[in-house]
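# Structural characterization, general
One letter stands for each residue in the lines below.
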There are 2 protein chains.
Amino acid sequence: MSLLEELVEALRVLPGVGQKSAQRMAWHLLERQRTGGKRLARALEEAMQRIGHCERCRTFSEEVVCSLCSSASRDDSLLCVVETPADLAALESATGYRGRYFVLLGRLSPLDGRGPRELGLDLLDARLSEGQIKELIIATSATVEGEATAHYLTQLARRHAVQPTRLAHGVPLGGELEYIDRGTLAHAFGSRHHVPS
Amino acid sequence: MSLLEELVEALRVLPGVGQKSAQRMAWHLLERQRTGGKRLARALEEAMQRIGHCERCRTFSEEVVCSLCSSASRDDSLLCVVETPADLAALESATGYRGRYFVLLGRLSPLDGRGPRELGLDLLDARLSEGQIKELIIATSATVEGEATAHYLTQLARRHAVQPTRLAHGVPLGGELEYIDRGTLAHAFGSRHHVPS
């Protein structure tokens, strides 16, 4: 296999990249972006080698404890549980939330061998035992597995006398009713509330 | 800048990859494909370092002369001129062509500083002087710049008493007339030919 074929093959590890795109990427780098390509090689090597998981919240981190967990300016009484580091980043950039996070790195899915241990729920249990947390914000996804995970987390919070809360479901901002799926619409209709006077 | 941010930034060098896709790629590699990520880092490093251009036809090659140019089983009387290594690969996989290739690595575009020298046309001139080539197959793209390049190549071939030929233009196989652009349709209509009896 030539070096070019090896590069094309290796690029296919990226999500959503098939044979054609991988070829296009390889040619683009070779023709116009050798420096960028070398920089990418080094960044990949470093990241794959040195980025691990934060010991406290399990998000990606090159330090033993990530910057969000070690920051002195966040509220220790709030803990927000998310499925992935991407969800954490989305919440950080969209909300003014100043509490801590806990990242499951997945959702409960016993058939795929993802039980409470794989999601670090023993770690979360120990964290809740510390007694500082007052509210557990459950921000798992609105899928069947996400709901099952949320149910498990609710029970865990109650065992530690911590208040569990969930993100609101309903019509997205800017969403036209006509185009919203039936499930969401039914939920939003059932959860209608009085307009404050 | 953290290693993760550096990786996301470096991934944006790939064509068609913006901030969001770069993040998704970085997370995907870190979560599920560390081995694939390391392999990609090595393949990139090697390729950027060691892949150069074939001395004879200018396509990508890790050897001084590429395998197509050094092969003893190709016809030395046919030379096909293409714009990019991607075009070469497309012709190789679609046709049964057994001649040689010459890769311009671009098209004539004086305003962007791409003149005959940048396209290696001095090299092509020397090649035509060798006297082995009987037919120069001009397979540049059907764009304004591609046509200008083809015109230049035609004259070059004639100076060396080599027969220039061009790929046929017309209705693509499986193409419905209704959906074909006016230019192509007008060309195909004007170039209609007798049905062989």
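A short tour of the structure in this document, coming up.

Cut-offs applied
- Residues numbered from 1 in each chain as written.
- Chains lettered and ligands numbered in written order.
- Predicted model: local features only at pLDDT ≥ 70, side-chain atom pairs only at ≥ 80, totals over all residues.
- Heavy atoms only, no water.
- Least-squares fit on C-alpha atoms with pLDDT ≥ 70 in both.
- Contact = heavy atoms within 4.5 Å.
- Pairing = 2+ DSSP bridges.
- Helix = DSSP H or I, 4+ residues; strand = E, 2+ residues; numbered from the N terminus.
- Axes fitted to C-alpha atoms, helices over the stretch in contact; angles between N-to-C directions.
- Buried < 20%, exposed > 50% of the residue type's maximum accessible area, 1.4 Å probe, protein only.
- Phe/Tyr/Trp six-rings, centres within 6.5 Å; stacked < 30°, edge-to-face > 60°.
- Lys NZ or Arg CZ within 6 Å of the ring centre and 35° of its normal.

### Let's talk about the relation of the copies chain A and chain B
Superposing chain A onto chain B requires a rotation of 180° together with a translation of 0.0 Å along the rotation axis, leaving an RMSD of 0.1 Å. Look at the turn and shift together and you get a two-fold axis relating the two. The position closest to the rotation axis in chain A is occupied by the C-alpha of Ala41(A), lying 2.2 Å away. A symmetric contact is evident, with 100% of the interface residues of chain A recurring at the interface of chain B.

### Thoughts on the sheet that holds strand β5 (residues 135-138) of chain B
All names here are of chain B. Read from one edge of the open sheet, four strands run β4-β3-β5-β6, paired in parallel fashion. The open sheet has two free edges, formed respectively by β4 (99-103) and β6 (163-166), since each of these has just one partner strand. Here the average twist between neighbouring strands, direction ignored, is 25°. Across four bridges, the pairing between β5 and β6 is parallel. In the strand pairing of β6, Ile138 is matched with Arg166. Contacts from helix α5 (residues 85-94) reach β3 (75-82) and β4 within the one sheet, and its direction differs from that of β4 by about 160°.

### Examining the side chain of Glu83(B)
Residue and element names in this part refer to chain B. Along the polypeptide, Glu83 turns up in the loop between β3 and α5. Relative accessible area serves as the criterion here: at 4%, Glu83 is assigned to the buried category. The contacts of Glu83, once residues within four sequence positions are left out, are Val103, Leu104, Leu105, Gly106, Arg107, Thr140, Ser141 and Gly146.

### Here we look at the packing of aromatic side chains
Residue and element names in this part refer to chain A. Under the definition given, this model contains two aromatic pairs over all chains. Look at Tyr97 and Tyr101: their rings are 5.2 Å apart centre to centre, the planes differ by 75°, and that puts the pair in the edge-to-face class. Judged by its relative accessible area of 15%, Tyr97 is buried. One Lys or Arg, Arg192, reaches over the ring of Phe189 and ends 5.0 Å from the middle of that ring.

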